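Structural overview
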Amino acid sequence: MRTRAAVLREPGQPWQVTELDLDEPGAEEVRIRFVAAGMCHSDQHMRTGHSVGRLPMVGGHEGAGVVEAVGEHVTRVRVGDHVVCSFIPACGTCRYCATGRQNLCDQGATMLTGELPGGGFRFHDDTGADLGGMCMLGTFSQHAVVGQASCVPIDHDIPFPVAALVGCGVPTGWGTAVYAAGVRPGETVVIFGAGGVGTNAVQGARHAGARHIIVVDPVALKRDNALKFGATHVFADADAAHAAVVEMTRGRLADHAICTVGVLEAEVVTRAAAIVGKGAQVTITSVGRSGEKQIQLAANGTVVGYQRRIQGHVFGMCNPLYDIPRLLRLYREGQLMLDELITRTYRLDEIEQGYQDLEDGRLIRGVILHD
Ligand SMILES: [Zn+2]
Ligand SMILES: [Zn+2]
């Protein structure tokens, strides 16, 4: 069949909205009609060349839609099911899935090429070139064929635009605070960067019972927004935040620093390490530029002697099959704010405008609604 999709051909070039051929689903594959796709920063990292993947590629790794067709041996979903696509697959049987760490599933190995676990690519352009989907998904296409391991069925009453966000940005941010940082009641948490991911780290820190949730972001819109999501203090720069943390902790400094800035740079990690106290943790969520060093710390006086930890993670250490339905249940019960994350919706043809708005600091999250 034919599908319309936003494609990246070369780093630094604009998104190209074009028609592609789409294969039928293979043995453990599912064809999805995407209704909504979240505009995560990671796709834009591919567009700018900060991240390197196999091009050409269909963008988009946050998506929700309806199952249109299933291949032989598909057991997780049926035609007509509503699904969220998880940006990391969860096969359920690899070493990591079997030990409760679905976020490290071995099937994630080809996320940056888009090759499916069954081998090969399902998108093809008119020159005969094969295209993968970002994170083996490609949610910036109206239709896509994905592995069943990427599919998480959801209830039919959940709106697609909010469901889409629970495939990447929401669990990544929320899980950063709840699982990767392991925030506990009464702790002081400093969050650097309050975009789509950082805002959810604020929600996670609130759920975990943090006493002070301090947000550092130069953009006024994001600071104001963070206050609505549960931040207790907001600052435009790290110096002001540092002085306030010294004051509010009587010099003991913060228990956690979380890096959720748009592009990770060494400066923010240095700032984060300086704002936490003894036995505390810096948790890094942001993606940096490929080939650059983002961590430059003196061991003495930073980690050694102060027992500080630097923790990286994937998907906020969430288990997609457990945490995606759980977060949507919290949303339905009014405990997790998702509608408020969506600043604007766009048609697929407006994708360049959408990412420009993101770069200009005008969005918490943009969502593409497919025609
Ligand atoms: Zn993402
Ligand atoms: Zn697995």
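Here, every reference points to the structure presented above.
Since this is a predicted model, take the numbers as computed values, not measurements.

**Concerning the packing of aromatic side chains**
The geometry of an aromatic ring pair is captured by the separation of the ring centres together with the interplanar angle, meaning the angle of the planes. Per the stated rule, a full pass over the model turns up 5 aromatic pairs. Geometrically, the ring pair formed by tryptophan 15 and tyrosine 355 is stacked, given 5.9 Å between the ring centres and 15 degrees between the ring planes. With tryptophan 15 in the loop between β1 (2–8) and β2 (16–22) and tyrosine 355 in helix α9 (residues 351–359), the pair connects residues that are 340 residues apart, well separated along the chain. Assessed through its relative accessible area of 1%, tyrosine 355 is described here as buried. Taking the centre distance of 6.0 Å and the plane angle of 85 degrees together, the rings of tryptophan 174 and tyrosine 179 count as edge-to-face.

**What to know about the coordination of the zinc ion (ligand 2)**
Taken together, the protein ligands of the zinc ion (ligand 2) are Cys91 (SG), Cys94 (SG), Cys97 (SG) and Cys105 (SG), with distances of 2.4 Å. Considering all 4 donor atoms around the zinc ion (ligand 2), the spread of angles at the metal, 105 to 116 degrees, places the coordination shape in the tetrahedral class. For the zinc ion (ligand 2), the donor residues sit on a single chain with the sequence spacing C-x2-C-x2-C-x7-C. Of the residues examined, cysteine 91 reaches a relative accessible area of 21% and is grouped as partly exposed.

**Observations concerning the nonpolar core**
Ranked by size, the top nonpolar core spans 89 residues in total, and within it Phe140 and Leu338 carry the most contacts. In this view, leucine 338 contacts Val162, Leu165, Val166, Val170, Leu328 and Tyr331; residues no more than four positions away in its chain are not counted.

**Side note on helix α1 (residues 41–48)**
Every buried residue of α1 is accounted for by Asp43, Gln44, His45, Met46 and Arg47. Looking at the buried residues of α1, the elements they touch are β1, β4 (57–58) and α9. Where α1 ends, the next residue or the one after it, glycine 49, has phi of about 90 degrees, a positive value.

**Remarks on the pattern of salt bridges**
The final tally for this structure, using the stated rule, is 22 salt bridges. With a shortest N-O distance of 3.1 Å, arginine 2 and aspartate 126 are connected by a salt bridge. A residue pair is termed long-range when its members are at least 10 positions apart, and arginine 2 in strand β1 and aspartate 126 in the loop between β7 (123–124) and β8 (130–133) qualify at 124 residues. A salt bridge links arginine 347 to aspartate 371; the nearest nitrogen and oxygen atoms lie 3.4 Å apart. Here arginine 347, found in the loop between β17 (342–346) and α9, pairs with aspartate 371, found in the segment after β18 (365–369); they are 24 residues apart in sequence, far enough to count as distant.

**A short note on the state of the cysteines**
In protein structure, a disulfide is the covalent linkage between the sulfur atoms of two cysteines. Applying the stated rule across the entire model yields 0 disulfides. Of the cysteine sulfurs around cysteine 318, a residue in no disulfide, the closest is that of cysteine 168, at 11 Å.

**Some points on the coordination of the zinc ion (ligand 1)**
Donor atoms from the polypeptide that coordinate the zinc ion (ligand 1) comprise Cys40 (SG), His61 (NE2) and Cys168 (SG), at 2.0 to 2.2 Å from the metal. For the zinc ion (ligand 1), the single-chain donor residues occur in sequence as C-x20-H-x106-C. On the criterion of sequence distance, the pair formed by cysteine 40 in the loop between β3 (29–38) and α1 and histidine 61 in the loop between β4 and β5 (63–70) is long-range, its members being 21 residues apart. Classification of histidine 61 by relative accessible area gives buried; the value is 1%.

**Quick word on the environment of threonine 343**
With respect to the secondary-structure elements, threonine 343 resides in strand β17. With a relative accessible area of 36%, threonine 343 lands in the partly exposed category. Expressed as a C-alpha distance, the spacing of threonine 343 and arginine 362, which sit 19 residues apart in the sequence, is 8.2 Å. With residues near it in sequence (within four places) discarded, threonine 343 still touches Arg362, Leu363, Ile364 and Arg365.

**Some details on the sheet that holds strand β11 (residues 188–192)**
Two pairing modes exist for strands in a sheet, parallel and antiparallel, and in both the strands are linked by backbone hydrogen bonds. Taken together, the 6 strands give an open sheet; going across it, the order is β13-β12-β11-β14-β15-β16, and neighbouring strands pair in parallel fashion. Looking at which strands have only one partner, the edges of the open sheet turn out to be β13 (233–235) and β16 (309–312). Going across the sheet, the axis of each strand differs from the next one's by a mean of 20 degrees, ignoring polarity. Strand direction decides the pairing type here: strand β15 (residues 276–284) and β16, joined by 4 bridges, are parallel. In the sheet register, valine 282 faces β16, and the bridge partner there is isoleucine 310. Where helix α3 (residues 169–181) meets the sheet, it contacts β14 (254–259), β15 and β16, and its direction lies at approximately 130 degrees from that of β15.

Cut-offs applied
- Residues numbered from 1 in each chain as written.
- Chains lettered and ligands numbered in written order.
- Predicted model: local features only at pLDDT ≥ 70, side-chain atom pairs only at ≥ 80, totals over all residues.
- Heavy atoms only, no water.
- Phe/Tyr/Trp six-rings, centres within 6.5 Å; stacked < 30°, edge-to-face > 60°.
- Helix = DSSP H or I, 4+ residues; strand = E, 2+ residues; numbered from the N terminus.
- Buried < 20%, exposed > 50% of the residue type's maximum accessible area, 1.4 Å probe, protein only.
- Donors = N, O, S within 2.8 Å, 3.2 Å for Na, K, Ca; no water.
- Tetrahedral: all angles 85-135°; square planar, octahedral: opposite > 155°, others 65-115°.
- Core = buried A, V, L, I, M, F, W, Y, C linked by side-chain atoms within 4.5 Å.
- Contact = heavy atoms within 4.5 Å.
- Salt bridge = Lys/Arg side-chain N within 4 Å of Asp/Glu carboxyl O.
- Disulfide = S-S within 2.5 Å.
- Pairing = 2+ DSSP bridges.
- Axes fitted to C-alpha atoms, helices over the stretch in contact; angles between N-to-C directions.

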